[in-house]
Amino acid sequence: MMNASWVDLADDYLTRQQRALAEAVESDGGFGEGGRSFRIAEHLAAEGGLHRSDVMAATALFLAYTAFQAGNLDAAQGFARRLRGLDPGSVELVFHLMRLEVGREQGWLPRTQYDDLLAYAWRENRFDLAQRAGDIQARDVDPGAAPVGSWAELERTLCPLVA
């Protein structure tokens, strides 16, 4: 019984840390360096037993997204450059997370992008990604047809900076 209580406390603590990170990203992303967000991300990675580079890469992506949505392209590009300096496996994960959000936003992805997303999910044993991709349709589209929406625009803007 005592162990279950400790687990519940740890889960509650990590949930609070995740919320604090989300709030920091929301307030830091439109401008600045994202210092508070990255400090909380470092702490969350250490306390939550998460891969540090994955947490930092996701934080950089969401800061870039927030800055992009606020119309601050310079800050978005700065966060993308910071992302590029992280572990390549973490950058690949974040790239596929962005692609997943593009597909979820519009309900479909070009078949090649959808297939790449699923191949990554299976190769890396990320069944959570495969499951979340289940609601996305794969479509055969003209090569010039580009997905639309805020995530798609962010992908077009930032991916060349990360590559």
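Residues numbered from 1 in each chain as written. Predicted model: local features only at pLDDT ≥ 70, side-chain atom pairs only at ≥ 80, totals over all residues. Heavy atoms only, no water.

Novice: Can you break down the pattern of salt bridges residue by residue, with the values?
Specialist: According to the stated counting rule, one finds 5 salt bridges in the structure shown. Here Glu-101 makes a salt bridge to Arg-132, at a shortest N to O gap of 3.5 Å. Of this pair, Glu-101 sits in helix H5 (residues 88–106) while Arg-132 sits in helix H7 (residues 127–132), and the two are 31 residues apart along the sequence. One network of salt bridges, with partners in common, ties together Glu-92, Arg-123 and Glu-124. (Salt bridge = Lys/Arg side-chain N within 4 Å of Asp/Glu carboxyl O. Helix = DSSP H or I, 4+ residues; strand = E, 2+ residues; numbered from the N terminus.)

Novice: Go over helix H3 (residues 52–69) with me, naming the residues and quoting the values.
Specialist: In this model H3 runs 26 Å from its N-terminal to its C-terminal C-alpha over 18 residues, within 8% of the 26 Å that 1.5 Å per residue would give. Among the 18 residues in H3, 14 count as buried, and that is most of the element. Looking one or two residues past H3, Gly-71 carries a phi angle of roughly 85°, positive in sign. (Expected span 1.5 Å × (residues − 1). Buried < 20%, exposed > 50% of the residue type's maximum accessible area, 1.4 Å probe, protein only.)

Novice: Summarise unusual backbone geometry; cite the residues concerned and give the values.
Specialist: Positioned with a positive phi, Asn-125 is a non-glycine residue whose angle comes to about 55°. Among the secondary structure elements, Asn-125 is positioned in the loop between helix H6 (111–123) and H7. Residue class for Asn-125 comes out exposed when judged on its relative accessible area of 53%.

Novice: For the side chain of Gln-106, give the residues involved together with the corresponding values.
Specialist: Assignment of secondary structure puts Gln-106 in helix H5. By relative accessible area, Gln-106 is classed as buried at 18%. Other than its neighbours up to four places away in sequence, Gln-106 contacts Pro-147 and Val-148. (Contact = heavy atoms within 4.5 Å.)

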